[in-house]
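So you can see what is in the structure, the chains are spelled out below.
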Amino acid sequence: MDSSRFVHRRKPDIPVIGPRAPDKKQHTQEVSVKSIELSKVIRLLEDPLTVNLKERHLFVLKKLLKRCQIGFLLKELTGIAKILNICAEKVTDHPEYQPIFYEALHICRLPFLKEKSSDELNYAQDVIEFLSHMGCLMRVSDAEVRQHIVESVKSFYSSVAPKLLPDGTEGLTKTKPRTFHSENRFSRLALRLQPTSPGYRLQLLERSDLAQTLLLSMAALENQPGIKLQLLQTLQILSSSSDMNCTSILQAGGAETICLHMNQPDPNGQVLFHSSEILWNLLERGSTEVTAQLSSMECVISLKEAFLHQLINGFRHSDLQLRNDLLVITTLIAGNPNSLLIESLFAKQLVVFATFPELKSHNPLVSNLKLSYNNEDLKMKKMLLNLLVLMSKDLAALQLYKEERVLLAVLMLVRPPAASPERRSASRQWSSAQQEEVQLQALATLCSLAPIMLEDYMSCQGNAVLLLLLDWCVAQDAFFGQGHSSPVEGRGRRKAQMRHCIRVLRSVTSSGEESVNQDLCDQGTINQLLGILMQMEASPDEDDLVSLEIKSDIQLILSALCERDMHRKELFGSEGVEMAVHFLKKGSDKFYSGLGHNKLILSTVDCVWSCIVGCYTTEDYFLAKEGASLLMDLLSSSPRCVYCNVLASLLELCDNPNALSHILSWRDSRGQTAPRFLLQLWMDEEGELNVSRDQDGGIADPQRPILGVYQQEDPQLSFPANVPSAAVLELSENLRSKIYSIFCKLGFHDLPGLSRKHYVTLSVVRRYLDFKVGEVWEEVSRELGLDGVRPTTPDEEALSAVCKISEDTARKVAAEQRSILELQEKEDISEEQLMYTEIKSHWKQKELKAKSWDSYVSRTSNYEILKEVKAQREEYIESSRPKPEHEEAAVHPTELILGHVISVERTGSSGPAGVKLTLARTSIKASGQDQAAPTTQDPEYFSTVKD
């Protein structure tokens with residue numbers, strides 16, 4: 001902030017206590033005189049004519065400082081800085097100025113004074129420059145001057161505004177003097193001055209160069225250890241209070257400077273302590289830049305010397321804490337790939353300390369080293385193990401680990417307590433809780449080191465050690481563990497050890513080293529892991545975060561062991577199939593629970609793919625357990641991110657002929673068949689890719705039948721021969737290729753549960769490979785054009801023919817889709833007509849029924865209508881009778897005919913239709929007629945069976 005910007009805005013000073021008019025004029029004159037006096041002092045000190053008037057200088061400076069006993073005014077800080085600079089130049093040759101200079105620096109501890117509230121903003125730049133100038137005063141070689149400067153800066157963080165004003169000012173707030181006297185002029189003027197806010201000076205200090213200047217002044221304090229210690233204390237305060245101060249210190253190379261000065265002679269060890277605290281503060285606010293500065297050879301050697309000194313000579317608790325702090329700083333440096341820990345031989349010493357006391361060594365560094373086995377030593381041991389992991393990124397460190405037998409020492413820490421001697425030696429005195437923590441840290445270290453040092457791992461029989469530890473973890477004997485790894489593991493349990501042990505086995509098996517995997521299988525690891533997995537699953541409370549992680553890791557280990565070996569898949573056997581089926585039945589309801597069920601589902605599918613598929617024995621047992629249906633259930637209920645893995649497993653399983661019937665007979669909860677569901681997945685996938693389709697799902701662009709819009713919008717680039725192009729990468733990035741392959745196994749005809757819309761999509765699926773081949777050749781042709789390469793005439797004709805064939809195929813498929821849709825439309829029209837006919841017949845029946853009801857109601861409610869209906873009926877009956885041809889026939893008596901049942905037969909039908917009757921007909925004349933001779937007639941046969 002430039003103070004010159006506010007010069008034209010300054011207003012005349014207005015006192016807080018408003019006196020009468022003549023008093024106000026006189027007060028304004030005093031303020032002007034005051035400013036003039038400050039400028040006269042500067043002129044007196046700088047003018048060549050008065051530069052040697054020491055007595056006059058001292059008198060004026062004493063008078064000035066007496067006026068400023070309660071602090072410096074903000075608007076006078078520029079002048080005060082000039083006066084301090086002049087006095088600093090005179091102090092060396094003229095000791096008479098020292099008391100004045102000391103008193104001025106002492107006043108700097110007090111808060112600055114303001115006359116108006118706006119002064120804090122108007123003179124902010126002046127304050128920043130004044131504070132920066134204070135740091136420059138460290139150039140004065142006088143020890144007392146430097147001490148005053150350092151103490152003044154320290155007081156900024158603890159000083160408060162003075163509660164009492166100097167002598168002669170008390171009571172002036174109660175009365176208003178009518179006249180002003182010279183002896184109390186400044187006291188009355190102080191009544192209207194106010195100290196700046198407590199954080200004002202600290203905020204501006206952050207924007208000044210004071211912290212940077214104090215740091216750079218350390219080089220001039222080699223012969224003043226007391227001042228240097230106070231300066232380190234001041235820098236510690238500055239670095240702990242502000243990020244801006246840390247940034248300023250780092251810009252001046254503060255981390256490197258502090259590190260290089262931390263080993264200077266100091267009987268009390270305070271220099272090293274404060275130096276480490278400053279480095280800690282810098283690391284908390286800018287670790288990347290700090291580690292870059294500390295990675296130089298000089299800094300690493302300085303840290304090495306400091307750590308060794310504290311390790312060998314430190315016995316107090318504070319010394320052990322300081323030793324661990326230095327080790328943490330070293331750990332942060334080890335994370336920098338440009339660190340020189342190996343070149344400085346510091347790494348070799350750290351490795352020796354990390355293997356102590358497990359391995360005996362003749363190294364003089366550890367010959368007299370003794371651990372007290374307290375908590376600080378435990379922290380050091382854990383940090384040394386952690387350092388092994390960080391340094392392992394350097395190949396040179398791996399060679400160092402081999403020489404120092406690091407893996408052997410780590411495996412000794414990993415062994416379960418039962419495997420160690422009952423009576424501990426003098427070098428092993430960790431308590432049970434401490435030993436558990438070291439064991440867990442060693443397992444975490446082994447998880448990183450074992451995959452990159454497999455040769456040493458196998459030579460030390462690492463698999464045997466881990467399997468013994470695994471047996472110990474699942475044993476039921478009493479164990480009083482502390483459960484240090486996670487709060488969910490609890491006390492008195494071995495789940496923490498099991499978790500880390502499984503992690504180590506997973507990292508070792510995932511490396512793909514056949515000798516390691518074969519050694520595990522030879523020791524019965526597959527059956528052991530299956531037993532542990534089902535034992536954990538049988539426990540009712542094994543559904544927490546750690547348990548789910550262990551289960552998924554065990555499945556991944558089994559997948560890595562059985563993936564490429566048929567014999568191991570046979571060892572996986574029915575027990576493994578039962579395990580996979582059990583976890584598949586759980587489904588994906590808890591996929592987003594956050595506990596790890598998502599990982600367990602994926603590892604289960606991977607276990608099916610690697611341990612079951614490919615071996616007909618396990619495949620058939622898996623299918624007998626409805627494994628294919630469970631995979632389809634998982635596919636229908638899981639989120640999209642699981643589809644790829646499940647489809648891949650189903651595709652591999654379809655190589656078994658027995659699997660096709662299981663898949664075709666599958667139905668989901670809505671009755672949807674597998675082909676219908678897979679085609680729906682295809683349509684959803686094309687919707688995600690934004691493939692060009694018409695409203696009915698048919699091909700809209702024959703030139704790009706399966707190409708997505710996003711793929712078309714990608715920049716047209718030319719790919720190298722060894723890099724897959726976009727058309728090839730698309731095969732692995734979406735599900736269409738897997739769905740097409742499954743349909744190649746299922747077939748494209750006589751699929752259950754498909755509608756015409758699905759048949760439209762199925763026509764595209766059937767030609768997917770042809771379309772993909774045409775897309776690849778189209779891409780090849782485009783890349784040749786981008787590279788400016790013209791194919792030979794036969795090749796060019798072949799390219800054109802291939803692209804033409806692909807387009808013609810797309811047009812044929814589009815025509816086939818249109819025919820399918822037309823047939824569907826005709827069927828829809830036919831069904832619609834039939835439906836309308838049924839509706840018409842239904843309405844006709846309703847009308848007849850209503851008419852019959854109305855007739856019945858009218859006949860039963862109106863007698864006249866009933867008579868008319870009866871007459872009509874009789875007339876109709878009479879008209880329906882046949883008329884006689886002769887008159888004799890008219891008077892012929894009526895002949896009655898009776899039927900007699902001759903026989904009854906039963907058929908296979910149910911109801912009346914199943915009875916067959918044989919009747920004989922006999923005529924009976926009326927009375928008075930002549931008795932005719934009985935005539936014999938052939939019987940008529942009536943059957944109740946309908947034709």
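Residues numbered from 1 in each chain as written. Predicted model: local features only at pLDDT ≥ 70, side-chain atom pairs only at ≥ 80, totals over all residues. Heavy atoms only, no water.

Participant: Would you mind going over helix 11 (residues 225–241) with me for this structure?
Facilitator: Helical periodicity: at 3.6 residues per turn, an α-helix aligns residues three or four positions apart in one direction. Compared with the 24 Å implied by 1.5 Å per residue over 17 residues, the 24 Å span of helix 11 between its first and last C-alpha is a close match. When we look at burial in helix 11, the residues that qualify are Ile227, Lys228, Gln230, Leu231, Leu232, Thr234, Leu235, Gln236, Leu238 and Ser239. (Helix = DSSP H or I, 4+ residues; strand = E, 2+ residues; numbered from the N terminus. Expected span 1.5 Å × (residues − 1). Buried < 20%, exposed > 50% of the residue type's maximum accessible area, 1.4 Å probe, protein only.)

Participant: Could you clarify how one ought to interpret the pattern of salt bridges in this entry?
Facilitator: Where charged atoms from two side chains of opposite charge approach closely, those side chains can pair. Applying the stated criterion across every chain yields a total of 35 salt bridges. Residue Glu437 is joined to Lys382 by a salt bridge in which the shortest nitrogen-to-oxygen separation is 2.9 Å. Pair noted here: Glu437 is in helix 22 (residues 432–449) and Lys382 is in helix 19 (residues 375–391), with a separation of 55 residues, a long-range link. Taking relative accessible area as the criterion, Lys382 reaches 25% and is therefore assigned partly exposed. Residues participating in the shared-partner salt-bridge network are Asp243, Glu284 and Arg285. (Salt bridge = Lys/Arg side-chain N within 4 Å of Asp/Glu carboxyl O.)

Participant: Even after reading the chapter, I still don't get the nonpolar core, so can you show me in this structure?
Facilitator: Within soluble globular proteins, side chains that are nonpolar tend to cluster in buried spots. Within the largest apolar cluster, 138 residues are counted, with the highest numbers of intra-cluster contacts made by Tyr401, Leu558 and Leu635. In this view, Tyr401 contacts Val351, Leu387, Leu388, Met391, Ser392, Val406, Leu449 and Met453; residues no more than four positions away in its chain are not counted. (Core = buried A, V, L, I, M, F, W, Y, C linked by side-chain atoms within 4.5 Å. Contact = heavy atoms within 4.5 Å.)

Participant: Can you walk me through the confidence of the model for the chain in this structure?
Facilitator: Any residue range with low pLDDT should be treated as having predicted coordinates unsuitable for detailed reading. For the chain, the mean per-residue pLDDT works out to 81, and 81% of the residues sit at or above 70. Confidence drops under a pLDDT of 50 for residues 419–427, and excluding neighbours within four residues, the segment shows seven contacts in the predicted structure. Predicted confidence is poor over residues 483–488, with pLDDT under 50, and the contacts of this stretch with residues over four places away or in other chains come to 16 contacts. (pLDDT = per-residue confidence, 0-100.)

Participant: Mind showing me how you'd approach the packing of aromatic side chains here?
Facilitator: Each aromatic ring pair is specified by the distance between its two centres and by the angle formed by the two planes. A complete count under the given rule lists 10 aromatic pairs for this structure. For the pair Phe743 and Phe748, a centre-to-centre distance of 6.2 Å together with 20° between the ring planes defines the contact as stacked. On the accessibility criterion, Phe748 (15% relative accessible area) is buried. Each member of the aromatic cluster is reached from another via a ring pair, and the members are Phe307, Phe346 and Phe353. Between the NZ or CZ atom of Arg201 and the centre of the ring of Phe112, over which it lies, the distance is 5.3 Å. One residue, Arg494, lies across the ring of Trp472, its end atom 4.4 Å from the ring centre. (Phe/Tyr/Trp six-rings, centres within 6.5 Å; stacked < 30°, edge-to-face > 60°. Lys NZ or Arg CZ within 6 Å of the ring centre and 35° of its normal.)

Participant: Even after reading the chapter, I still don't get unusual backbone geometry, so can you show me in this structure?
Facilitator: Residues apart from glycine generally show negative phi values, whereas peptide bonds are mostly found in trans. The omega angle of the peptide bond from Phe356 to Pro357 is 5°, so this bond is cis rather than trans. The backbone of Glu626 sits at a positive phi, close to 60°, despite the residue not being glycine. Relative to the helices and strands, Glu626 is located in the loop between helix 31 (616–624) and helix 32 (627–637).

Participant: Help me out: how do you make sense of the packing of helix 33 (residues 643–653) against helix 38 (residues 736–746) in this one?
Facilitator: Each pair of packed helices can be described by the angle between their axes along with the distance between the axes. Running from N to C, helix 33 and helix 38 cross one another at 25°; their axes reach a closest spacing of 10 Å. Of the possible angle classes, the one that applies to helix 33 and helix 38 is roughly parallel. Remark: the crossing between helix 33 and helix 38 carries left-handed chirality. Residues Cys644, Leu647, Ala648, Leu650 and Leu651 of helix 33 touch helix 38, and the partners they reach there are Lys738, Ile739, Ser741 and Ile742. In terms of residue class, the contact of helix 33 with helix 38 is built from seven nonpolar, one polar and one charged. (Axes fitted to C-alpha atoms, helices over the stretch in contact; angles between N-to-C directions. Parallel < 35°, antiparallel > 145°, perpendicular 65-115°, else oblique. Left-handed = near helix turned anticlockwise from the far one by under 90°. Nonpolar A, V, L, I, M, F, W, Y, C, P; charged D, E, K, R; others polar.)

Participant: What's the story with the environment of Leu821 in this structure? I'm lost.
Facilitator: Considering the arrangement of structural elements, one finds Leu821 in helix 41 (residues 793–861). Spatially, the C-alpha atoms of Leu821 and Gly698 are 9.5 Å apart, while their sequence positions differ by 123 residues. Beyond its immediate stretch of four places on either side in the chain, Leu821 contacts Asp696 and Val760.

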